[in-house]
Amino acid sequence: MAHPIEASAHRGQILSFLSDPGEGNDPACYQHFAEGLLLIENGRIAAAGPEAALRRQLPADFPIIDHGRNLLMPGFIDTHIHYPQTDVIAAGGRHLLDWLNDYTFVEERRFALRTHGAEVAEFFLDELARNGTTTAMAFCTVHAASVEAFFAAAEQRGARMVAGKVLMDRNAPAELLDTPQSADRETRDLIERWDGVERLSYAITPRFACTSSVAQLEIAGRLARDFPDCYIQSHVAENQAEVAWVRELFPSARSYLDVYDGHGLLRDKAIYAHCIYLDEADRERMARSGACAAFCPTSNLYLGSGLFDLRAADAAGMHYSTATDVGGGSSFSMLRTLDEARKVARLQGQDLHPLRAFFLATLGGARCLGLERSIGAFTPGAEADFIELDLQATPLIARRTAAAQDLSDLLRIFMTLGDDRAIKSTYLMGRLS
Ligand code: GUN
Ligand code: ZN
């Protein structure tokens, strides 16, 4: 018997990107239907277009979910976040290294217990959905149980998530250390159990150069070669004291980035958070290798780490996307993140056009993950992970959006004034989550 088709139709204002709008407002880079229709079949995008034209394809009595003038767009993609740091948000700490020692490492010890990881994972996934984030690339902790808990919770919701066990075998409390051998064994085991299950993917996750021995980085590089379809995630060049420490730990490396390069950890599907203190050679190397940066403005401002140089990254042809870096980052909201991203650009005499900002948070993130055919845009056949932004979310948003001149204006209002209250609904594979 043929499988019955599950179909739905959503009416509203529709936005989806086709390519990077750069600094301008090139209409070839996006599709915007002020009165649009989004058609979903079996959890996938069937069509997105003008309501008048698409309505003709539907039976006259087909039920249409009416979102009024609210904005329907692909769900946000957060390319760098730590689920075990949900309870570290708003902790004290001045700079990265004391914040890690005094708060983060203390909290991460709790994830030895799978039950704790399971409870936090549920809250974390709820919070992502409330904020309109439908895909995230997440760090777990050094404990395999933390990965099991996370993937099990994500699988149950049918969410598309990338995650991995942290590799760290030095310069951290003993309870948080693995060894090169256990890192290798547990990572292989977790890849076998979870990579490719439903919409879950595995990321090989050396925390950062400071907490991995050369032997462990070699293991990470071998894993990266043995599993070319798996992701790699790490941190690089976030903070000046950290950069100086890496220079002491790896005196023969040309740069911090070069430590990872020397171990075969720069390639497609590798995402490096921060990338603040890179030089030209590093940026070119990132661009050529296919590795991408995660620009984490709320974290970089909260921890006083520094300013990501968008113009230099663009000039080098580096690919990057926006990310929250919770709990160094101070919000789960991609809208708050885009607001801070614009301020980081402004502090350097640069601009972040609202169209570019929303591109980075959707299709830009999908491209960094190599998933642009599956998520991040309303391409026919793509997975129907999408969100509804509420033009009346707050009295001030209602007042400002009523006076919006055009799409760019509307997006700037959302990214400047919006947070979780602006996300009216979040859909995963076409279903309200
Ligand atoms: N560098 C190494 N570990 C971390 C972490 O947990 N958060 C941030 N922001 N940077 C790091
Ligand atoms: Zn991080």
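Parameters and conventions
- Residues numbered from 1 in each chain as written.
- Chains lettered and ligands numbered in written order.
- Predicted model: local features only at pLDDT ≥ 70, side-chain atom pairs only at ≥ 80, totals over all residues.
- Heavy atoms only, no water.
- Helix = DSSP H or I, 4+ residues; strand = E, 2+ residues; numbered from the N terminus.
- Rg over C-alpha atoms; globule rule 2.2 N^0.38 Å.
- Buried < 20%, exposed > 50% of the residue type's maximum accessible area, 1.4 Å probe, protein only.
- Contact = heavy atoms within 4.5 Å.
- Areas by Shrake-Rupley, 256 points an atom, 1.4 Å probe, with all protein chains shown as cover.
- Lys, Arg positive; Asp, Glu negative; His and termini not counted.
- Charge placed at Lys NZ, Arg CZ, Asp CG, Glu CD.
- Axes fitted to C-alpha atoms, helices over the stretch in contact; angles between N-to-C directions.
- Parallel < 35°, antiparallel > 145°, perpendicular 65-115°, else oblique.
- Left-handed = near helix turned anticlockwise from the far one by under 90°.
- Nonpolar A, V, L, I, M, F, W, Y, C, P; charged D, E, K, R; others polar.
- Expected span 1.5 Å × (residues − 1).
- Near = heavy atom within 4 Å.
- Polar contact = N/O pair within 3.5 Å; in protein donor to acceptor, adjacent residues only side chain to side chain.
- Salt bridge = Lys/Arg side-chain N within 4 Å of Asp/Glu carboxyl O.
- Donors = N, O, S within 2.8 Å, 3.2 Å for Na, K, Ca; no water.
- Phe/Tyr/Trp six-rings, centres within 6.5 Å; stacked < 30°, edge-to-face > 60°.
- Pairing = 2+ DSSP bridges.
- Right-handed = clockwise from strand over helix to strand, strands pointing away.

### What to know about the overall build of the protein
When you go through the protein residue by residue, the secondary structure sums to 16 helices and 16 strands. Compactness check: the protein gives a C-alpha radius of gyration of 21 Å against a globular reference of 22 Å for 433 residues, within 12% of the reference. Here the protein, with 433 residues, has 60% of them falling under the buried criterion. In the protein, once contacts between residues fewer than 6 apart in sequence are set aside, the share between residues at least 24 apart is 76%. Total accessible area on the protein stands at roughly 16700 Å², and carbon and sulfur atoms take up 49% of it. Counting 42 positive and 58 negative side-chain charges, the protein places the averaged centre of each group 2 Å from the other.

### Description of the packing of helix α4 (residues 144–157) against helix α5 (residues 180–194)
What describes two packed helices is the angle between their axes and the distance between those same axes. Between α4 and α5, the least distance of the axes is 11 Å, while the angle of their chain directions is 10°. On the basis of the axis angle, α4 is roughly parallel to α5. Along this stretch, α4 crosses α5, giving a crossing that reads as right-handed. Contacts between α4 and α5 involve A144, V147, E148, F151, A152 and E155 from the first element and E186, L190, R193 and W194 from the second. In terms of residue class, the contact of α4 with α5 is made up of six nonpolar, no polar and four charged.

### A few points about helix α3 (residues 114–130)
In an α-helix, one turn spans 3.6 residues, which is why side chains three or four residues apart end up on the same side. Here α3 is 17 residues long and its end C-alpha atoms lie 24 Å apart, about the 24 Å a rise of 1.5 Å per residue gives. Of the residues making up α3, those classed as buried are H116, G117, V120, A121, F124, L125, E127, L128 and A129. Those residues of α3 that are buried lie in contact with β5 (76–82), α2 (96–108), β6 (133–139), α4, β7 (160–164) and β15 (423–428). Two residues or fewer after α3 comes G132, characterised by a positive phi angle close to 80°.

### Description of the site of ligand 1
Looking at ligand 1, the residues that line it are H82, Q85, L96, W99, L100, R207, F208, H235, E238, H274 and D325. Contacts to ligand 1 include R207, whose side-chain N or O atom sits 2.7 Å from an oxygen atom. A distance of 2.7 Å separates a nitrogen atom of ligand 1 from a polar side-chain atom of E238. Across the complex, the protein chains shield 100% of the 280 Å² of accessible surface that ligand 1 would expose by itself. For the shell around ligand 1, the element with the most residues is α2, which contributes three residues. Tallied by class, the residues present in the shell around ligand 1 amount to four nonpolar, four polar and three charged.

### Observations regarding the pattern of salt bridges
Taken as a whole and judged by the stated rule, the model has 32 salt bridges. Here R130 makes a salt bridge to D420, at a shortest N to O gap of 2.9 Å. Remark: D420 occurs in the loop between α16 (407–417) and β15 and R130 occurs in helix α3; sequence separation between them is 290 residues. Under the relative-accessibility criterion, R130 is labelled partly exposed at 40%. By relative accessible area, D420 is classed as partly exposed at 24%. It is possible to trace a salt-bridge network through shared partners that takes in R11, E51, R55 and D66.

### Remarks on the coordination of the zinc ion (ligand 2)
Protein coordination at the zinc ion (ligand 2) comes from H80 (NE2), H82 (NE2), H235 (NE2) and D325 (OD), with a distance range of 2.0 to 2.2 Å. Mapping the donors of the zinc ion (ligand 2) onto the primary sequence yields the spacing H-x1-H-x152-H-x89-D. Placement of the pair is H235 in strand β10 (residues 231–236) and D325 in the loop between β13 (319–322) and α12 (334–347), with a sequence separation of 90 residues. Looking at D325, the relative accessible area reads 4%, which means it is buried.

### Description of the packing of aromatic side chains
What the rule picks out here adds up to 17 aromatic pairs. Three or more aromatic residues link up through ring pairs in this structure, and these residues are Y83, F111, F124, F150, F151, W194, Y202 and F332.

### Focus on the pairing of β10
The side chains of a regular strand alternate, residue by residue, between the two faces of the sheet. Burial of β10 is extensive: six of the six residues sit out of reach of the surface. Every second residue of β10 is oriented toward a common face, with Y231, Q233 and H235 on one face and I232, S234 and V236 on the other, all of them buried. Across two bridges, the pairing between strand β9 (residues 200–206) and β10 is parallel. By the bridge assignment for β10, I204 is matched with I232. Read from β9 through helix α6 (residues 214–226) to β10, the crossover connection turns out right-handed. Pairing analysis gives five bridges linking β10 to strand β11 (residues 270–274), with the strands arranged parallel. When the sheet's bridge partners are listed, S234 is paired in β11 with Y272.

### A few points about the sheet that holds strand β4 (residues 64–74)
The strand order β3-β2-β1-β4-β14-β15-β16 describes an open sheet built from seven strands, whose pairing is mixed. The sheet is open, and its two borders are formed by β3 (44–50) and β16 (431–432), each paired with just one other strand. Where strand β1 (residues 7–17) meets strand β2 (residues 30–41), 10 bridges bridge the pair, whose relative direction is antiparallel. Looking across to β2, one finds that I14 is bridged to F33. In the packing of α16 onto the sheet, the strands contacted are β1, β2, β4 and β14 (386–389), and the crossing angle to β1 comes to about 95°.

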